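Below are the chains, spelled out letter by letter.
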Amino acid sequence: MRRIAIVGAGQAGLPLAFGLLDHGYEVTVVSDRTPDEIRNGKVLSSQCMFGAALQIERDLGVNDWDDVCPSVEGISFTLQSPEPGGGPLIDWKARLDRPGQSVDQRIKMPAWLAKLEARGARVSIQKAGVAELEALAKSHDLVVLSAGRGEVAQLLERDASRASFDTPQRALSLTYVHGLKEANDYARVSFNAVPGVGEYFVIPALTLSGPCHIMFFEGIPQGPFDLSRDALSPSEQLDAVRRLLRTYLPREYDRAKRAELTDAQGVLAGAFAPVVRKPVLSLPSGRAVFGLADAVVVNDPISGQGSSSAAKACKVYLDAILARGDQPFTRDWMEQTFEQYWSYAQFVVQWTNSLLMPPPAYRVQLLDAATRTPAVASAIVNGFDDPPALFPWWEDEHACEQFITQRQAAVPVTG
Ligand SMILES: Cc1cc2nc3c(=O)[nH]c(=O)nc-3n(C[C@H](O)[C@H](O)[C@H](O)COP(=O)(O)OP(=O)(O)OC[C@H]3O[C@@H](n4cnc5c(N)ncnc54)[C@H](O)[C@@H]3O)c2cc1C
């Protein structure tokens, strides 16, 4: 029986553990927090996942919240005038072909940890550093480092040829609330961009106290949407969020007038730099550790891809481990496996990074065309489930013009 250690009990590591247990591997999961600490701690993410990634969880039989988590049926996009009081310049919505879902990681990870233990995984609660990685590498055939944005992941070397930034591009703040007015027509993520200021998202989700909404600001650092500068109490953060909405996004303010915090831990504020790292860590002993998901590729959450990408990375690694059979997990094998994931993830990185920059004129035309052409809106929205499908037209002016023309010809123009 092959022994695999997974360091980091998150969105990538835990599904990998389930997949390996299903195939008879002996699995050790290392978590720096107990299930109770995760459940009672701060929110970690807005964790909205899309259809293809949710299917990976379903295939592993770990989709325990399908019946209770609000469905995300679509996405709306608004480009708001940056002038306070100015209205929307571009405004449309479209349905996802397959609904998305956001289950608070404070629910999901403790439940998965308990389930893994019940299925025979060894769960070890410790904050792994070099010494612990060495011990695991000695006693296991493979050590996977899925510690997300944890300090230990920084032992993996930054890949300067693939990483575009070395400072945070947005200041992030999450406020989990009850009582926010539902969007009309169908439940959806509402994506509001305010040029030069930042973005505001509303995400239907499931939290500890039931269905809720997540109010998520991505502020350009030091600008008005940057709520990470002052250490605000939860209620001060909610007040600040409401004030910003009243000034910049009156329509969203109207939805949020009666919003109340879900719980004292339902807020988060901070910032981090997107990064791509090399996937293999060489320990002082010469043994290798294999990085997975956010430990290697961290995107800004502006595109809502981190959790879906974690599930997709898990699937690539799981299939590669199974295909490896009894052969050793060499550095070459690790690098090849990561390249397989990168053939997908590079599009996520490219698209996500593009959202952090002012859009070129042709992309504003694309977003504007989506107002009148539902097929354009649909292609952009369903790109959240399958980012490679956004290319080449998202990044190439000529391809973009052709794409708009084709979609306009194919589908009756409305409005
Ligand atoms: C504000 C914000 C909003 C987000 N919104 C979205 C969204 O809407 N959609 C989306 O898809 N993604 C979103 N993300 C990103 C998403 O949450 C992550 O990309 C995803 O959870 C990554 O999965 P992972 O398994 O790599 O890491 P994680 O899920 O972060 O798991 C890593 C685990 O490792 C543990 N750990 C760390 N160090 C150690 C150590 N030394 N020893 C043992 N354990 C350790 C951590 O405690 C954690 O449990 C958001 C992130 C943030 C910060």
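Residues numbered from 1 in each chain as written. Predicted model: local features only at pLDDT ≥ 70, side-chain atom pairs only at ≥ 80, totals over all residues. Heavy atoms only, no water.

Draft legend 1. The arrangement of the domain arrangement of the protein in detail. Per the domain assignment, the segments of the protein are domain 1 (3–63 + 104–165 + 274–354), domain 2 (72–100 + 169–270) and domain 3 (359–410). Taking the mean C-alpha position of each, domain 2 and domain 3 sit 24 Å from one another. Contacts between the two partners involve 12 residues from domain 2 and, on the opposite side, 12 residues from domain 3. Between domain 2 and domain 3, a total of about 1000 Å² is buried, with carbon and sulfur atoms accounting for 70% of that surface. Of all residues in domain 2, I75, I90 and W92 give up the largest surface area on contact with domain 3, accounting jointly for 48% of the area buried on that side. At the boundary of domain 2 and domain 3, one finds one salt bridge. (Domains from an automatic or database assignment. Contact = heavy atoms within 4.5 Å. Buried area = accessible area lost by both parts, 1.4 Å probe. Salt bridge = Lys/Arg side-chain N within 4 Å of Asp/Glu carboxyl O.)

Draft legend 2. Focus on the site of the ligand. Of all residues adjacent to the ligand, which total 36 residues, the nearest are A12, D32, S45, S46 and S307. In the model, an oxygen atom of the ligand is placed 3.2 Å from a nitrogen or oxygen of the R33 side chain. At a separation of 2.6 Å, a nitrogen atom of the ligand approaches a polar side-chain atom of S46. Computed on the free molecule, the ligand has an accessible area of 1000 Å², of which 91% lies beneath the protein chains in the complex. Going through the elements one at a time, strand 2 (26–31) and helix 8 (306–324) are the ones with two or more residues in the shell around the ligand. Looking at the shell around the ligand element by element, the count peaks at four residues for helix 8. Broken down by class, the residue content of the shell around the ligand amounts to 14 nonpolar, 17 polar and five charged. (Near = heavy atom within 4 Å. Polar contact = N/O pair within 3.5 Å; in protein donor to acceptor, adjacent residues only side chain to side chain. Areas by Shrake-Rupley, 256 points an atom, 1.4 Å probe, with all protein chains shown as cover. Helix = DSSP H or I, 4+ residues; strand = E, 2+ residues; numbered from the N terminus. Nonpolar A, V, L, I, M, F, W, Y, C, P; charged D, E, K, R; others polar.)

Draft legend 3. Focus on the pairing of strand 15 (residues 288–291). Residue alternation in strand 15 divides its side chains into two sets, A288 and F290 and V289 and G291, and both sets are buried. Across two bridges, strand 6 (residues 142–145) lies against strand 15 in parallel orientation. Looking across to strand 15, one finds that L145 is bridged to G291. Pairing between strand 14 (residues 280–282) and strand 15: three bridges, direction antiparallel. Residue V280 lies in a different strand from strand 15, and its bridge partner there is F290. The turn joining strand 14 and strand 15, which pair antiparallel and follow one another in sequence, is formed by five residues; a positive phi near 100 degrees is taken by G286. (Buried < 20%, exposed > 50% of the residue type's maximum accessible area, 1.4 Å probe, protein only. Pairing = 2+ DSSP bridges.)

Draft legend 4. Geometry of the packing of aromatic side chains. Under the definition given, this model contains 19 aromatic pairs. Over the ring of Y186 we find R95; its NZ or CZ atom is 4.0 Å from the centre of that ring. The positively charged end of R188 is found above the aromatic ring belonging to Y186, 5.2 Å away from the centroid. (Phe/Tyr/Trp six-rings, centres within 6.5 Å; stacked < 30°, edge-to-face > 60°. Lys NZ or Arg CZ within 6 Å of the ring centre and 35° of its normal.)

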